[in-house]
Every structure is written in structure tokens, then in C-alpha cells.
Amino acid sequence: MYNLLKSIKNRDPAANNLLEIIFFYPGFHAIIIYRIASFLWFLKLTFLAKLIAYFGRILTGIEIHPAARIGKNMFIDHGHGVVIGETSEIGDNVLIYHGVTLGGNSLSKGKRHPTVGNNVIIGAGAKILGPLSIGDSARVGANAVVTKNIKAYSTVMGIPAKELIKNNLNLEKSFTAYGTPTDIDLEDSVQKKK
């Protein structure tokens, strides 16, 4: 839990100290509640797991299915309105903003939700639908609607989402607020291609 708190503090300039995160960050609360519900889910205590997840949704406004698989240090910033579906898989150090949906696009019982790699940023309001893959260190811009695989180290925006920046290895080290590049980010990307 300490590593999660430190990772949140490192990624949120508004966090003054760890105590603030513990008391005032619904994204932190949602992850703690998810961890408890997920543990119960995998013990086959599915009703209790869903009950705890339900109370987590009431408390935080964030809905995470207890069967979803979430890696280390995921941070849900602002949080309200986030939905993470049952067969979603999320890697380490992922940053998700409010209003994001990792949803299914079928009624099948198998894999129907996204797989998100490590170090990904998903901007506010983005909808990622279906059993697709988001590669490591990718950026999904605010309000993007993603229905196809996204390559690692790329940035997508729009409805439907289109790739704006390809194979930018600097994405792993850089922060892109809300997953949405600024004009400067886009100019740097064009300069690197020349």
C-alpha cells in the first residue's frame, strides 16, 4: 500500500502528502476496496465480493468488477464515473482519469473487455470498448473512443480514435496530462519524424 501511495503522490502535483491521499482520494479508496473484493472473488465468495464492490461504487463513484485483473500502482485520478468491466486486464503504473470506461462490446461470456499494458495514460471520458489491447506506454486522449488495438508508445485521440504520435519511445518517461498531447508534444513528434 505504501508503494501505491508514493506512486500517487509522484503523479499528482495536487497531493501535498500521503495523509491527504489516504483520506481524500476516491481513486485510492476504490483500489483498496477492489483488492478486497478481488481477493474474495478468487476465493469463490462471489456474492460477498460483488457486495463489497457495490459499496465501493457507492462510496467512490468508481465501478470496478471484482474479477478484473489490475497490476501494481494503478492511479484513478478524480475518479468519478470510471467503469472497469469484468474481463479487463490492466498492467502496472496505469493512470486513468474520471469518466473512463473499459467496457465490453458483446454479450459473450468470454474475454470481452480491454487489456491495458504498463505505464498507460487514459484521458478523461475515454471509452475503450471490446477485447482489444492497449500497448505499453500508450496515451489515450480525453474523450477518445477506442475500438481497435493501440500500439505501444503511441498516442491516439478522437472519435473514432486515430493515431497521432507513433512509436514515441519518450512516452514511457513523459507525462501527458489526460493522455492528451499539447501542440508542443505534437510539434516535437513531427520534428522527430524529420
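Residues numbered from 1 in each chain as written. Predicted model: local features only at pLDDT ≥ 70, side-chain atom pairs only at ≥ 80, totals over all residues. Heavy atoms only, no water.

## Some details on the sheet that holds strand E4 (residues 83–84)
Part 1: Spatially, five strands are ordered E1-E4-E7-E10-E13 in an open sheet, and the strand pairing comes out parallel. One side of each edge strand has no neighbouring strand; the edge strands of this open sheet are strand E1 (63–64) and strand E13 (145–146). (Pairing = 2+ DSSP bridges. Helix = DSSP H or I, 4+ residues; strand = E, 2+ residues; numbered from the N terminus.)

## A few points about a nonpolar patch on the surface
Part 1: There is a patch of nonpolar side chains on the surface, built from Phe39, Leu43, Leu45, Phe47, Leu48, Leu51, Tyr54, Phe55 and Ile58 and spanning about 930 Å² of accessible area.
Part 2: If you tally residues by element for the nonpolar patch, the top one is helix H4 (residues 46–60), at six residues.
Part 3: Assessed through its relative accessible area of 41%, Tyr54 is described here as partly exposed. (Patch = residues over 30% accessible without salt bridge, like charges linked within 9 Å, V, L, I, M, F, W, Y side chains within 5 Å. Areas by Shrake-Rupley, 256 points an atom, 1.4 Å probe, with all protein chains shown as cover. Salt bridge = Lys/Arg side-chain N within 4 Å of Asp/Glu carboxyl O. Buried < 20%, exposed > 50% of the residue type's maximum accessible area, 1.4 Å probe, protein only.)

## Concerning the pattern of salt bridges
Part 1: Within this structure, the stated rule accounts for four salt bridges.
Part 2: With a closest N to O distance of 2.7 Å, Arg112 and Glu86 form a salt bridge. With Arg112 in the loop between strand E7 (101–103) and strand E8 (115–116) and Glu86 in the loop between E4 and strand E5 (89–90), this residue pair connects regions lying 26 residues apart in the sequence.
Part 3: A relative accessible area of 25% places Glu86 in the partly exposed class.
Part 4: Between Glu89 and Lys111 there is a salt bridge whose closest N-O contact spans 3.3 Å. Of the two residues, Glu89 sits in strand E5 while Lys111 sits in the loop between E7 and E8, which places them 22 residues apart along the sequence.
Part 5: The exposure class of Glu89 is partly exposed, given its relative accessible area of 33%.
Part 6: We classify Lys111 as partly exposed; its relative accessible area is 33%.

## Remarks on the sheet that holds strand E3 (residues 75–77)
Part 1: Strand order across the open sheet formed by six strands is E3-E6-E9-E12-E14-E15, with mixed pairing between neighbours. Each end of this open sheet is capped by a strand with a single partner; those strands are E3 and strand E15 (162–165).

## Quick notes on the packing of helix H3 (residues 26–42) against H4
Part 1: Across the interface, H3 lies against H4 with an axial gap of 8 Å and an inter-helix angle of 175 degrees. If you check the angle between H3 and H4, you find them roughly antiparallel. The segment H3 lies against H4, with Pro26, His29, Ala30, Ile33, Ile36, Ala37, Leu40 and Trp41 engaging Thr46, Leu48, Ala49, Lys50, Ile52, Ala53, Gly56, Leu59 and Thr60.
Part 2: Tallied by class, residues from the contact of H3 with H4 come to 12 nonpolar, four polar and one charged. (Axes fitted to C-alpha atoms, helices over the stretch in contact; angles between N-to-C directions. Parallel < 35°, antiparallel > 145°, perpendicular 65-115°, else oblique. Contact = heavy atoms within 4.5 Å. Nonpolar A, V, L, I, M, F, W, Y, C, P; charged D, E, K, R; others polar.)

## Some remarks on helix H1 (residues 2–11)
Part 1: For H1, the complete set of buried residues consists of Leu4, Leu5, Ser7, Ile8 and Arg11. Angularly, the buried residues of H1 cover 165 degrees about the axis, an arc narrow enough to put them on a single face. Exposed residues lying more than 90 degrees from the buried face of H1 are Tyr2, Asn3 and Asn10.
Part 2: Looking at the buried residues of H1, the elements they touch are helix H2 (18–24), H3, E3 and strand E6 (95–97). (Arc of directions from axis to C-beta.)

## Considering the side chain of Ser38
Part 1: The residue Ser38 is located in helix H3 in this model.
Part 2: Not counting residues up to four positions away in its chain, the partners in contact with Ser38 are Pro66 and Ala68.

## Some remarks on the environment of Ile8
Part 1: Tracing the backbone through its elements, the reader meets Ile8 in helix H1.
Part 2: A sequence separation of 65 residues divides Ile8 from Asn73, and the C-alpha atoms of the two residues are 7.7 Å apart.
Part 3: Aside from chain neighbours lying at most four places away, what touches Ile8 is Ile21, Tyr25, Phe28 and Phe75.

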